[in-house]
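# Chain and residue survey
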Amino acid sequence: MRMEYHYSDLCIPTEHLLTDHYNTTEYAPQYLMPSQEGEYEARSSVLVDGGDRFGVSAVAFDKYEELIWMGNQGGHVTSYYGPSMQKYTSFQIHESEEVRDIVTVEQGIYCLTKSSLRHQIRRGIPKHSFRSGNMVDMQCLFQQSSDKLLIGGHQNKLIDLDLGKMKETVIPIQEEGCAVLRSGGGSLVACGSACGMVALRDLRSPKTAEHTFKAHSACLSDLDMRGDLLITCGFTQSVDGVAVAEPYVIVWDVRCLKGNTTENEGAWSIQVASPPLLLHFVPAFSGRVVALSGDGHVALLHVNSNEHEEQSIFQVDTNNSVCSVLDVSATSQALVFGDQSGHLHLFSPQHNHEPVFNNFSRDTEFGDPLPDLPTVSFNDTTFQFSSIPLPSLTTGSKWFNDLPAEFFKKVFRKPKPIDPEVLKTMKMQGPIGYAPNNKTCRRNQMPYTEDTLEDLNSPKKEEIKIVPQPIPKHYQKMDVRYNKQSSNDNAELENLNKSGLPGLEATLPNSYCNPMLQVLYYIPPVKATLLAHTCAKEFCLSCELGFLFRMLDTSGGAPCQATNFLRAFRTVPEAAALGLILPDRGADSRVDLVALIQSWNRFILHQIHYEILETRKKEKELAYIANSSPPKQRLANNKLRNVATPTVNGQYEEYPYTELEFLGSAEFDGQEEFQEVREDGWHTSQNQEGAGDNNQVQNCVNHDLVNNHQSEREESDISELFAIGRNQLNRCLKCNKEEERESVVLACALQYSHFGAGAGRGEVSGEVRGFAELVRASLAARRSTPAWCDQCSRFTPTTQRGRIMRLPPILAINCGGVTMHEKAYWAKGSPKDGIESKRGGSSKPCRYGLHCARPGCRFKHLDRPISSQNNSLKSPTHESHCVLPHQLVIRLQSDGDVIITDKADQLPTESPKPELQKNKKKNITTQSEEEYTLCAAVVCVEDNPKNLVAYVQTASKDSEPHWYLFNDLCIVPVCAEEVVHFGAWWKTPCVLFYMTRSDRQVVHDENHS
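Throughout this document, residue positions are counted from 1 along each chain, in the order its sequence is written. Local features in a predicted model are, by the rule used here, given only for residues with pLDDT of at least 70; side-chain atom pairs are given and counted only at 80 or more, and totals for whole chains, interfaces and linings are based on all residues. To get the side-chain values, all heavy atoms of the structure are used, and hydrogens and water are removed first.

With that settled, consider the overall build of the protein chain. Scanning the protein chain from terminus to terminus reveals 19 helices and 45 strands. Only carbon and sulfur atoms are counted for the fraction: they give 51% of the accessible area of the protein chain, which is about 53,400 Å². Counting from the N terminus, the helices are DSSP H or I runs at least four residues long and the strands are E runs at least two residues long. Here the open area of atoms and residues is found with the Shrake-Rupley method and a 1.4 Å probe, where only the protein chains shown may cover a residue.

Pairing between side chains of opposite charge can happen when the charged atoms of each approach one another. Any Lys or Arg side-chain nitrogen found within 4 Å of a carboxyl oxygen on Asp or Glu counts as a salt bridge. Inspection of every chain in the model, using the stated rule, returns 21 salt bridges. The salt bridge involving Asp62 is made with Arg122; its shortest N-O contact spans 2.8 Å. In this pair, Asp62 sits in the loop between strand 2 (56–61) and strand 3 (67–72) while Arg122 sits in the loop between strand 8 (116–120) and strand 9 (126–131), placing the two residues 60 residues apart along the sequence. For Asp62, a relative accessible area of 0% translates into the label buried. Among the salt bridges present, the one from Glu614 reaches Lys618, with a minimum N-O distance of 3.6 Å. Linking Glu614 with Lys618, this pair stays in helix 10 (residues 593–625), spanning 4 residues, or about one helical turn. Note on exposure labels: buried denotes an accessible area under 20% of the residue type's maximum, exposed denotes more than 50%, and partly exposed covers the range between, all computed with a 1.4 Å probe on protein chains only.

Any cysteine sulfur atom paired with another within 2.5 Å is treated as part of a disulfide. Throughout the structure, instances matching the rule amount to 0 disulfides. Of the cysteine sulfurs around Cys191, a residue in no disulfide, the closest is that of Cys178, at 4.2 Å. Owing to a relative accessible area of 6%, Cys191 belongs among the buried residues under this scheme. No disulfide involves Cys535; its sulfur sits 3.4 Å from the nearest other cysteine sulfur, which is in Cys543.

A few words now on unusual backbone geometry. For the bond from Asn944 to Pro945, the omega torsion is 5°, close enough to zero to count as cis. Turning to its location among the elements, Pro945 is positioned in the loop between strand 41 (926–941) and strand 42 (947–954). One non-glycine residue with positive phi stands out, namely Asn510, at about 65°. With respect to the helices, strands and loops of the structure, Asn510 is situated in the loop between helix 4 (487–496) and helix 5 (514–521).

Only buried Ala, Val, Leu, Ile, Met, Phe, Trp, Tyr and Cys residues count toward a nonpolar core, and they belong to the same one when joined by side-chain atoms within 4.5 Å. Core analysis: the biggest nonpolar cluster contains 64 residues, and Tyr512, Leu517, Phe565, Trp600, Phe722 and Phe993 have the highest contact counts within it. Of the residues forming this core, the biggest block, 11 residues, is contributed by helix 10.

In terms of burial, strand 44 (residues 970–974) is a largely internal element, 4 of the 5 residues being buried. For two strands to count as paired, DSSP must find a minimum of two bridges between them. Sheet analysis places strand 43 (residues 962–967) next to strand 44, joined by 5 bridges and oriented antiparallel. Bridge pairing in strand 44 places Phe966 opposite Ile971. Adjacent in sequence and paired antiparallel, strand 43 and strand 44 are bridged by 2 residues, among which Asp968 carries a positive phi angle near 60°.

Relative to the assigned elements, Leu346 resides in strand 29 (residues 343–349). Here Leu346 falls in the buried class, since its relative accessible area comes to 0%. Spatially, the C-alpha atom of Leu346 lies 9.8 Å from that of Tyr40, the residues being 306 residues apart in sequence. Excluding anything up to four places from it in sequence, Leu346 contacts Glu41, Ala42, Arg43, Ser44, Phe61, Ile68, Gly82, Pro83, Met85, Ala334, Leu335 and Phe357. We call two residues contacting when some pair of their heavy atoms lies within 4.5 Å.

Let us now look at the packing of helix 6 (residues 524–531) against helix 7 (residues 541–554). Helix axes are fitted only over the stretch in contact, all axes being lines through C-alpha atoms; the angle between N-to-C directions runs from 0 to 180 degrees. Where helix 6 contacts helix 7, the two axes come as close as 8 Å, and the packing angle between them is 110°. Between helix 6 and helix 7, the angle is such that the two are roughly perpendicular. Between helix 6 and helix 7 lies a crossing of left-handed hand. Residues Lys527, Leu530 and Leu531 of helix 6 form the contact with helix 7, whose participating residues are Ser542, Leu545, Gly546, Phe549, Arg550 and Asp553. Each residue gets one of three labels, nonpolar for Ala, Val, Leu, Ile, Met, Phe, Trp, Tyr, Cys and Pro, charged for Asp, Glu, Lys and Arg, and polar for the others, Gly among them. Taken together, the residues of the contact of helix 6 with helix 7 break down into 4 nonpolar, 2 polar and 3 charged. Note on angle classes: values under 35 degrees are labelled roughly parallel, values over 145 roughly antiparallel, values of 65 to 115 roughly perpendicular, and the remainder oblique. For any helix crossing, the convention is left-handed if the near helix is rotated counterclockwise from the far helix by under a right angle, and right-handed if that rotation is clockwise.

Another point: the sheet that holds strand 8. Taken in spatial order, the 4 strands make up an open sheet running 6-7-8-9, and their pairing is antiparallel. Each edge of the open sheet is held by one strand with a lone partner, namely strand 6 (101–104) and strand 9. Within the sheet, the average angular offset between the axes of one strand and its neighbour, ignoring direction, is 15°. Pairing of strand 8 with strand 9, which is carried by 5 bridges, proceeds in the antiparallel orientation. The partner of Ser116 across the bridge, within strand 9, is Arg131.

What follows deals with helix 14 (residues 771–779). Taking burial as the measure, the 9 residues of helix 14 include 9 buried ones, the bulk of the element. Taken as a whole, helix 14 has its buried residues at Phe771, Ala772, Glu773, Leu774, Val775, Arg776, Ala777, Ser778 and Leu779.

Moving on, we get to the packing of helix 7 against helix 8 (residues 563–570). At a closest axis distance of 9 Å, the pairing of helix 7 and helix 8 adopts a crossing angle of 170°. Relative to helix 8, the element helix 7 is oriented roughly antiparallel. From helix 7, Leu541, Glu544 and Leu545 reach across to helix 8, where they touch Asn564, Phe565, Ala568 and Phe569. Tallied by class, residues from the contact of helix 7 with helix 8 come to 5 nonpolar, 1 polar and 1 charged.

In spatial order, the strands read 23-24-25-26; together these 4 strands make up an open sheet with antiparallel pairing. Edge positions in the sheet fall to strand 23 (276–281) and strand 26 (312–315), since each of these pairs with one other strand and no more. Recorded for the sheet is a direction-independent mean angle of 20° between the axes of neighbouring strands.

Here we come to the side chain of Ser778. As for its position among the elements, Ser778 is in helix 14. Of the residues examined, Ser778 reaches a relative accessible area of 1% and is grouped as buried. Residues adjacent in sequence count toward polar contacts only when both atoms are side-chain atoms; beyond that, a polar contact is any pair of N or O atoms within 3.5 Å, and within protein one must be able to donate a hydrogen and the other to accept it. Within the local environment of Ser778, its side chain forms a polar contact with the backbone oxygen of Leu774, the two atoms lying 2.8 Å apart.

Okay, the packing of aromatic side chains next. Aromatic ring pairs are described here by two measures, namely the spacing of the ring centres and the angle between the planes. Stacked, tilted and edge-to-face are the three classes applied to pairs of Phe, Tyr and Trp rings, where Trp contributes its six-membered ring and a pair requires centres within 6.5 Å; stacked means planes under 30 degrees apart, edge-to-face means over 60, and tilted covers the rest. Within the structure shown, the criterion is met by 21 aromatic pairs. Look at Phe565 and Trp600: their rings are 6.4 Å apart centre to centre, the planes differ by 70°, and that puts the pair in the edge-to-face class. Taken together, the residues Phe565 in helix 8 and Trp600 in helix 10 connect sequence positions 35 residues apart. Relative accessible area serves as the criterion here: at 1%, Phe565 is assigned to the buried category. Judged by centre distance (5.9 Å) and plane angle (65°), the rings of Phe569 and Phe603 are edge-to-face. Residue Phe569 is located in helix 8, and its partner Phe603 is located in helix 10; the two are separated by 34 residues in the primary sequence. Assigned by exposure class, Phe569 and Phe603 land together as buried. Three or more aromatic residues joined by ring pairs form one cluster here, namely Tyr40, Phe314, Phe337 and Phe347. Here, a charge over a ring is recorded when the distance from Lys NZ or Arg CZ to the ring centre is within 6 Å and its angle to the ring normal is within 35 degrees. The residue whose ring lies beneath Arg288 is Phe285, and the NZ or CZ to ring-centre distance is 5.7 Å.

Turning our eyes to something else, we now look at the side chain of His119. Within the element layout of this structure, His119 appears in strand 8. Overall, His119 belongs to the buried group, its relative accessible area being 7%. A distance of 3.1 Å separates a polar atom in the side chain of His119 from the backbone oxygen of Ile109. The contact partners of His119, leaving out residues within four places of it in the chain, are Gln107, Gly108, Ile109, Tyr110, Pro126, Lys127 and His128.

Moving on to the pairing of strand 5 (residues 86–92). With 6 bridges joining them, strand 4 (residues 76–81) and strand 5 adopt antiparallel strand pairing. Pairing of Tyr81 across the sheet is with Gln86, part of strand 5.

What follows deals with a nonpolar patch on the surface. Like-charged residues are merged into a patch within 9 Å and nonpolar side chains (Val, Leu, Ile, Met, Phe, Trp, Tyr) within 5 Å, provided each residue has over 30% relative accessible area and no salt bridge. Taken together, the side chains of Leu390, Leu393 and Trp399 define a hydrophobic patch exposed on the protein surface, amounting to about 280 Å² of accessible area. Turning to its location among the elements, Trp399 is positioned in the loop between strand 29 and helix 2 (420–424).

This part covers the confidence of the model for the protein chain. Any segment with low pLDDT has predicted coordinates that should not be analysed in fine detail. On average, residues of the protein chain score 77 in pLDDT, and 72% of them are at 70 or above. Taken element by element, the predicted model of the protein chain shows its lowest mean pLDDT in helix 12 (residues 700–703) (32) and its highest in strand 4 (97). Scored below 50 in pLDDT, residues 632–659 shows 88 contacts in the model against residues more than four places distant or in partner chains. The predictor rates its confidence in each residue with pLDDT, a number between 0 and 100. When the criterion is pLDDT under 50, residues 865–880 qualifies, and its contacts beyond four places in sequence or with other chains add up to 24 contacts.

Listed below in structure tokens is the structure:
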């Protein structure tokens, strides 16, 4: 018994419903659609994009929105909205292959071509493309679930694709390909091949076919499945061997096919007026089928009816072309057809002019409409701009032009200038002037003046605008956090660092030392020493630096964190006593980073030196306990030898020294007048170190080792690299008593106090010759200062003279630049905050005004441009201070003095003064000569907030040395001129590192080997 089920839908006319209560019974009779000509009629017809060149090859109704998707033979996809078929989106998915099938999902659509599968959202943005070597000639798509697709084609395999993992599973089949995939809603899926074979497969085990039968003798044209019914159409083999289209539709009952060997059992045919080419079930009706022929004839069939029942037939205008595609909406209210002429035709029932594609479609997203603004002439001065309403705020509660109160400044109206006639008749009585009223205005009233357009446009001489030089972005403080799981952060990091060198994150407290860590890492002798150091100490900075350097070596250019080093750094009591540990909440804006990083440089060299010595001492004790010969002890003699030459492995020969100390910026200061308070609360070391110098003759036994009491001491690899041997002679000018002591310093601090007596009062001495002279005066300093004399038993004028006994392989220089006087040396051509001395009272106006002729006047001149005032403070050679020399040639004389030459200009610096040389009778010869090259520099960027960066010269095995700027995670290459030039107002040098030429040659040979 054959039954037909009908599901009511909007496409059924209400007048056909049985509403008479006399005709209704407990079981109402089935309702059949009346047989009539032209049950559906055309609603819209459009020429698709590219229809003039390509025909329509795929069409599908959207299951979630009121959209129709079309693909043509040129690889182009277009969507149309609603029954009017308004174009929604249009995009290209392949350059040459045709679109063969389209499936809609909740997130977008999947479009199949011959060799690829494309996923795009409905707005046209592509998500991804899937290609595989198993996709040779694909033809059809079938959606098994929300995350799985079954792909078939003219090949002996099916592809089961997991959309979440984008992983394919190949299912081999015995049939000659799979051109059509349809399912009736159960677990069975019908696979039809071009040769006419149909295989029924279970989705739970698709590798084996449940049943296979020959549907048509020649080839299969199309099939569809609904429930247990399967319909097919195709071609048969004629007597002449030509494939002829069969003028009927074959209906198969799947339940009868299972287990039967006879193929024709459970099958019947329905005659059609025109041979069908495409078939599709109507979802809203049970057993209702749409049969489309190639010439555009459409027949609505009942698969459960008898052969003599009338069929609803209508014609599609195909423009003398072949109708190639067909689809039916989920509500059965719309049919869409596509032909080879590039047209798309939409049909709906005669009574329904506004068909709906889905029962519960969601809203389609459209672009925002353009605002309809009035057209106004540019010369229209009467138009009111306030008549145009502002659009609604998308985010926030205020407009961008609603600035807060702190961005506004109250400006009062300028008073009208006093009448010259009043000034002529005015009589002064002290600071008050009296004049008769000239009757031009009321008594005690002065009207405000209104600036006209000419007044505003006229230049004002008293207003001089100075535009400071902007700070480049890669010098500024950057808040970038590295996250391995975030692709956006990784992309940002790649833009900041394209050099392949590892950076250091600055997210932890005390990360201000990152530039110095990078400098130490790229000094090969220091790096080799720290990598070779190991000890059992819990918080050893040398070990932590070695571990950090090893992590940077193996990072492969990825950013690293100095977490363990900073944790150990916080436990060192000397670092806390020196104020090098900042609070966890971050560095205070008042902290002077210039002084902080120089103190950190002195501390880290001192700490590493003593940690290496302590480790060596414990090794000797363990060797002594184990009754083994201890390692050879390196002893220090009373006399200092020359600079050691580097060996093959990067270590240096031994040299003796007496005691290790640091040369501060005021080692020879002894008076309170030289005590200065640095900016932001940091104090100079002149107070403490100077006090020690006052008592150096008295307390020489406690603080320094005199020549008669020198003892043998060991030295470390750090002292071999950085130590400067000095001999200081103190002579009392009253009794001529002399005291001599020998010491070693690891970092040389530049001393600015000897550069002319007027330098401290805002004048620059004419004797200043540049950076080389400043280094020479700091290494071999001479000074006269009051000090305590034991023989005189009082403070007497004392001459202090420093002599250099040996030069280090690596010269570390602390540039100072903390006090106002030191900053004035590095003052640039443009104005810089804080250059003027606070004690000088520079804010006071000059009493001479325009008639002031003093070149170094420190008072303010309101009628003089600021740039001219700054230029007056500079000497003719002051511009040379802004450029550091790349190479220095230092010659050590036999008397302990040094001669420093800038290799660029070959102008030797000033040797000892003539008045100090006239008493010397012996000949002075050159004891040693070293050529130093700049290899690294730490610079402070005067920004808000301040920032520390490092210039480092690196050299790989296959390339020449290059300069790089290290700003935490930002690493960019820079030119050599940018490294040594400090002409910008925001750039101040802090720490410099010069390496001898012989040592650099050894490092270069090791890299290339």
